[in-house]
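# Examination of the molecular architecture
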Amino acid sequence: MGFPRQTTVQLRWQSARVLTVELETSSFTGGAHGEYAATLRSYDLRTVAPIPVTAMVRDTAALVPMLEAGFARAKADSGAAPPPLHELLYPEV
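This section reports on the structure supplied with the text. (Residues numbered from 1 in each chain as written. Predicted model: local features only at pLDDT ≥ 70, side-chain atom pairs only at ≥ 80, totals over all residues. Heavy atoms only, no water.)

Here four strands make up an open sheet; going across it, the order is 1-2-3-4 and the pairing antiparallel. Taken across any chain shown, the strands that pair with only one partner, and hence form the sheet edges, are strand 1 (5-14) and strand 4 (50-51). Strand direction decides the pairing type here: strand 2 (residues 18-27) and strand 3 (residues 35-44), joined by ten bridges, are antiparallel. Note that in strand 3 the partner of Leu23 across the bridge is Thr39. (Pairing = 2+ DSSP bridges. Helix = DSSP H or I, 4+ residues; strand = E, 2+ residues; numbered from the N terminus.)

Below, the structure is given as structure tokens:
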């Protein structure tokens, strides 16, 4: 018996120098729930090399409040208050 695994790629940004795509993966391997992941990746179109977020955003700490607000909006439908983002991420994120 096979288990489903699906990956989708969506273009999120493109300029003359940068291409950003979102990869979403979902799978089910027979357990109580499936596995889901989403990743954004940016590439330098001149070299096709990946671009780290730190090369595009100088103050990555300033992203945390925006991420927390987006996470809270996404989870608002559950009716429960979401935990603070810093409780969900590794310190180096």
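Note that strand 1 and strand 2 share nine bridges and pair antiparallel. Each residue of the ladder has a partner; that of Leu11, found in strand 2, is Val21. Once strand 1 ends, the chain turns through three residues before running back antiparallel as strand 2.

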